[in-house]
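Here are the chains, one letter per residue:
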Amino acid sequence: MAWFTRRPDEPEQSPSASAQRADDPSVVDDAAPVAPADELGRRLVARIVAESELPVVDPDAGPSLGAGLCVRAAIDTPDTVDILLTTRLGGWAALGDAALAGLRRLPAPAHQRVEHEVHVFESEDHFGASRLLLHDELLASVGLTDRPFGTLVALPTRSSLLVHVLHDATVVHALHLMSRVARAGQDMPGPLSPHVYYRAESGALQQITRYEGDQLQVHVDGAFASAMHDAKLTD
């Protein structure tokens, strides 16, 4: 049984070439060696992945964020990122705190505010999108502490995260911009998701976009509909 997926070692490349390498992991079986516990703990980083990209989805290996995305502990080394798939090492219950601590130790992502109050966070590592797991801390670090109606988020690639704080009619333009960026991200290194999500206070994600060819469909229901109503943006 596979217990983690690995981005294979590759010949030394320039930083730009390395950033463009494929992120299609090979599968390593249970016989693979494991680092000592203390060394493993220092290498763990929490990573958001698409469930559809995993060969096995074990709920004890990490929490689901909803909408086809989940969290897994990953072993981050200079040459590989090994995503732990099973509970061989104890699962998320044993590794989750250390993995989140590892995510916090990474350098802060670059931040830029663009049009329609969309905030773009980009990292040089492969955990930019995974900063969503530190959502409140991340937004507070750039002064976004008032979020009474939740946020819209997009994870175009493994290295990027887009956030819009829902508060007024700007959300319509922000959603369309985020959707365009998310879709464009699928043609970039390390694509993650083409969709825009509503993030509730609980941290659960609700996918609010659908695509029919080039046509964008926005689904306003559930928690997102309630947030829009509370913000007086819908009747």
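Reference entry: report on the structure contained in this document. Not measured: the values here are computed from a predicted model.

Basis of the calculations
- Residues numbered from 1 in each chain as written.
- Predicted model: local features only at pLDDT ≥ 70, side-chain atom pairs only at ≥ 80, totals over all residues.
- Heavy atoms only, no water.
- Helix = DSSP H or I, 4+ residues; strand = E, 2+ residues; numbered from the N terminus.
- Buried < 20%, exposed > 50% of the residue type's maximum accessible area, 1.4 Å probe, protein only.
- Pairing = 2+ DSSP bridges.
- Salt bridge = Lys/Arg side-chain N within 4 Å of Asp/Glu carboxyl O.
- Core = buried A, V, L, I, M, F, W, Y, C linked by side-chain atoms within 4.5 Å.
- Contact = heavy atoms within 4.5 Å.
- Phe/Tyr/Trp six-rings, centres within 6.5 Å; stacked < 30°, edge-to-face > 60°.
- Lys NZ or Arg CZ within 6 Å of the ring centre and 35° of its normal.

Here the focus is the side chain of His 135. Note that His 135 resides in helix H4 (residues 135-140). Take His 135: its relative accessible area is 4%, and that puts it in the buried class.

This next bit is on the pairing of strand S9 (residues 151-154). The side chains of a regular strand alternate between the sheet's two faces. By the alternation rule, side chains of S9 split into Thr 151 and Val 153 and Leu 152 and Ala 154, which are all buried. Inspection of the sheet shows S9 paired to strand S10 (residues 160-165) by four bridges, in the antiparallel sense. By the bridge assignment for S10, Val 153 is matched with Val 163. Hairpin connection between S9 and S10: a loop of five residues separates the two successive antiparallel strands.

With that out of the way, let us pick up unusual backbone geometry. Even without being a glycine, His 116 presents a positive backbone phi close to 60°. By the element assignment, His 116 lies in the loop between strand S7 (110-114) and strand S8 (118-122). One non-glycine residue, Glu 117, lies in positive phi territory at about 60°. Mapped onto the secondary structure, Glu 117 falls in the loop between S7 and S8. With a relative accessible area of 32%, Glu 117 lands in the partly exposed category.

Evaluated as defined, the whole model comprises four salt bridges. Among the ionic pairs, Glu 137 bridges to Arg 104, the shortest N-O distance being 2.7 Å. Within this pair, whereas Glu 137 is found in helix H4, its partner Arg 104 is found in helix H3 (residues 91-105), the two being separated by 33 residues in sequence. Since its relative accessible area comes to 42%, Glu 137 is described here as partly exposed. The closest approach of N and O atoms between Glu 117 and Arg 113, which form a salt bridge, is 3.8 Å.

Further remarks concern the nonpolar core. Judged by nonpolar contacts, the single largest core of 40 residues is most densely connected at Leu 44, Ile 48, Leu 69, Val 153, Leu 155 and Leu 161. Elements represented by at least two residues in this core include exactly strand S3 (44-50), strand S5 (69-76), strand S6 (81-84), H3, H4 and S10. Ignoring sequence-local partners within four residues, the contact set of Leu 44 consists of Ala 73, Ala 74, Ile 75, Leu 84, Leu 95, Ala 98, Ala 99, Gly 102 and Arg 105. Among the nonpolar cores identified, the runner-up in size contains 22 residues, and Leu 166, Ala 174, Val 196 and Ala 200 belong to it.

Looking now at the packing of aromatic side chains. Describing an aromatic ring pair means giving the distance of the ring centres and the angle of the ring planes. If you walk through the whole model with that rule in mind, you get one aromatic pair. Measuring from centroid to centroid gives 5.6 Å for Tyr 198 and Phe 224, while their planes differ by 40°, and the two rings are tilted. One end of the pair, Tyr 198, is in strand S11 (residues 196-199); the other, Phe 224, is in helix H6 (residues 222-230), and 26 residues separate them in sequence. The ring of Phe 127 carries Arg 47 above its face, with NZ or CZ at 5.8 Å from the centroid. Above the plane of the ring of Tyr 211 lies Arg 183, whose end atom (NZ or CZ) is 4.0 Å from the centre.

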